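For reference, the chains in residue letters:
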Amino acid sequence: MNKIAFLLLLFTIFNPSKENNKQQYIARQGQVTFFSYTSVENIEAKNNQVLSIIDLEKKEIAVSMLMRAFVFKKDLMYEHFNESYIESDLYPQANFKGKLVDFDVNLAKQTSTIKGTLTIHGIAKEVAIKTMIENKNNNYKLTGEFIAAVKDFNIKIPAILSSNIAKTINLKFRFQYQPYEN
Amino acid sequence: MKTFKKILLFVSLITLIIWSFWATLSVNKSSEKNLEKINSDYNLDSNDLVANFVNNTAKANGNYVGKIIEVTGYVKQISFLNNRKTVILYTKNQNYGVICDVSNNQLDKLKTLKKHQKITVKGTCKGFLMDVILLNCYIDLKTNE
């Protein structure tokens, strides 16, 4: 999804008028971490500038992240990730939009399922993710983890490096939301 | 002739050692960068930077992503969320901002910063969501007002 489409998503699904934004919350510094474990090499990368907006009235959530904002331990891992696997010039963002299923706004702490469409490397896939939702003083926190298969997103790993990259990637997320005032 | 072969062998060996050393350094090169002494590709204020992305994202991506940018603006927020050190700069439109993920060696400077203070930040531009994102940022306090 390109920038214009994402802004359309934000300003249509999450209508920013004063009357409608009472239940909207924003996280500008969400964290997404991915792990690839193999016997040859463990690879971890973190993105600490993930954008997310939730609308608790509509029970909707949108997430967007820049692939080039993932930080790796080594420069070479960053280069391989962006240039060979994710092709960040062609697909600079990953996005998710979905619904909070069985979410109860009155509970301070609960486990909920998020169902929606995850788009990575230009490939959209329907996913269901369990998440812990906590509300403390009207600041929401969402945490959770899930597994994504590399082949589901048409990410091609060269044969010579296939033993270095896991076939399934563990993804962890942590978003701290504040009321969205605009 | 024997001497020539010895010299050739010696040169080949030295070349192999240097190449191995260079390859090891390249593979293990840390992603942490110190941009203090590296010249910036662009120098502009936070309002202009964000306006360029909002007005023409594709063009701004082409110009700025992957480049080192010096941005001057006013401190909106200092954050230690996710164990990161982050400065967010104001822009005219409150929906947008510049998120600067600051290098670890800038902690002392970060502690002295105050909200609304004017600063210049140099970092590597990663792109734009609702904020322009700069990583490995170096804080220049010379512009303090």
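Residues numbered from 1 in each chain as written. Chains lettered and ligands numbered in written order. Predicted model: local features only at pLDDT ≥ 70, side-chain atom pairs only at ≥ 80, totals over all residues.

1. Points about the overall build of chain B
Spelled out, the test is: Secondary structure counts use DSSP, requiring at least four H or I residues in a row for a helix and at least two E residues in a row for a strand, with both numbered from the N terminus. Residues are treated as contacting if the C-beta atoms built from their backbones sit within 7 Å of each other.
Helix and strand content of chain B: 4 helices and 6 strands. Counted from the first residue to the last, chain B has its helices and strands arranged as α-β-α-α-β-β-β-α-β-β. Of all intrachain contacts in chain B linking residues separated by at least 6 positions in sequence, the fraction that spans at least 24 positions is 63%.

2. Points about the overall build of chain A
Applied cut-off: Here a residue counts as buried when 20 or more other C-beta atoms sit within 10 Å of its C-beta, as exposed when there are 12 or fewer, and as partly exposed otherwise, the C-beta atoms being derived from the backbone.
On a plain count of helices and strands, chain A comes out with 2 helices and 10 strands. Mapped in sequence order, the helices and strands of chain A form the string α-β-β-β-β-α-β-β-β-β-β-β. Considering chain A as a whole, with its 182 residues, one finds that 32% of them fall into the buried category. Of the contacts made within chain A by residues no fewer than 6 positions apart, 57% connect residues no fewer than 24 positions apart.

3. Describing the interface of chain B and chain A
Cut-off, in case you're wondering: As a working rule, the residues Ala, Val, Leu, Ile, Met, Phe, Trp, Tyr, Cys and Pro are called nonpolar, Asp, Glu, Lys and Arg charged, and the rest polar, with Gly in that last group.
Contacts between the two partners involve 25 residues from chain B, matched on the other side by 21 residues from chain A. At the level of secondary structure, the elements contributing two or more residues to the side of chain B that touches chain A comprise α1 (2-27), β4 (97-102), β5 (118-128) and β6 (131-140) of chain B. Taken together, the residues of the side of chain B that touches chain A break down into 9 nonpolar, 11 polar and 5 charged.

4. Some words on the domain arrangement of chain B
Counted only if it meets this: Annotation comment: domain bounds sourced from an automatic or database domain assignment.
Partitioning chain B into structural domains gives domain 1 (1-30) and domain 2 (42-140). Centre-to-centre, using C-alpha coordinates, domain 1 of chain B lies 43 Å away from domain 2 of chain B.

5. Comments concerning helix α2 (residues 46-55) of chain B
Test applied: In this description, the arc belongs to the directions extending from the helix axis to the C-beta atoms.
Of all the residues in α2 of chain B, the buried ones are S46, L49, V50 and F53 of chain B. One face of α2 of chain B carries all of its buried residues, which in axial projection span an arc of 90°.

6. Re the pairing of strand β2 (residues 42-55) of chain A
Residues and elements named next belong to chain A. Condition: Note: two strands are recorded as paired if DSSP finds a minimum of 2 bridges between them.
Most of β2 sits out of view: 10 of its 14 residues are buried. Pairing geometry for strand β1 (residues 24-37) and β2, over 11 bridges, is antiparallel. Each bridged residue has a counterpart across the sheet, and for S36 the counterpart in β2 is I43. In this antiparallel pair of consecutive strands, β1 and β2, the connection spans 4 residues. Pairing analysis gives 2 bridges linking β2 to strand β4 (residues 71-72), with the strands arranged antiparallel. Directly across from K46, in β4, lies its bridge partner V71. Sheet topology note: the β2/strand β3 (residues 60-66) ladder contains 5 bridges and is antiparallel.

7. A short note on the nonpolar core
All names here are of chain B. Short version of the rule: When buried Ala, Val, Leu, Ile, Met, Phe, Trp, Tyr and Cys residues are joined through C-beta atoms within 7 Å, the set is termed a nonpolar core.
Judged by nonpolar contacts, the single largest core of 63 residues is most densely connected at V98, C100, V121, V132, L134 and C137. It is β6 that contributes the most residues to this core, 7 residues altogether. When neighbours within four sequence positions are excluded, L134 is seen to be in contact with I69, V71, V98, I99, C100, D101, V121, G123, T124 and C125.

8. As for the environment of R28 of chain A
Among the secondary structure elements, R28 of chain A is positioned in strand β1. With 12 residues separating them along the chain, R28 of chain A and V40 of chain A place their C-alpha atoms 35 Å apart. When neighbours within four sequence positions are excluded, R28 of chain A is seen to be in contact with L51 of chain A together with I99, M130 and D131 of chain B.

9. Quick look at the confidence of the model for chain B
What counts is decided by this rule: Scored between 0 and 100, pLDDT is the confidence that the predictor attaches to each residue.
Of all residues in chain B, 88% have pLDDT values of 70 or greater, and the mean over the chain is 88. The complex model carries a pTM of 0.84, and its ipTM stands at 0.84.

10. A word on unusual backbone geometry
Although it is not a glycine, N137 of chain A sits at a positive phi angle of roughly 55°. If you check the backbone angles, N136 of chain B has positive phi at about 55° while not being a glycine. The residue N136 of chain B is located in strand β6 in this model.

11. Some thoughts on the pairing of strand β8 (residues 139-149) of chain A
All names here are of chain A. Two elements, strand β7 (residues 123-136) and β8, share 6 bridges in a ladder whose sense is antiparallel. When the bridges of β8 are listed, E134 appears paired with K141. Taking the residues that link successive antiparallel strands as the turn, the β7-β8 hairpin has 2 residues, and the phi of N137 there is positive, at about 55°. Sheet analysis places β8 next to strand β9 (residues 168-176), joined by 9 bridges and oriented antiparallel. What sits directly across from A149, in β9, is T168.

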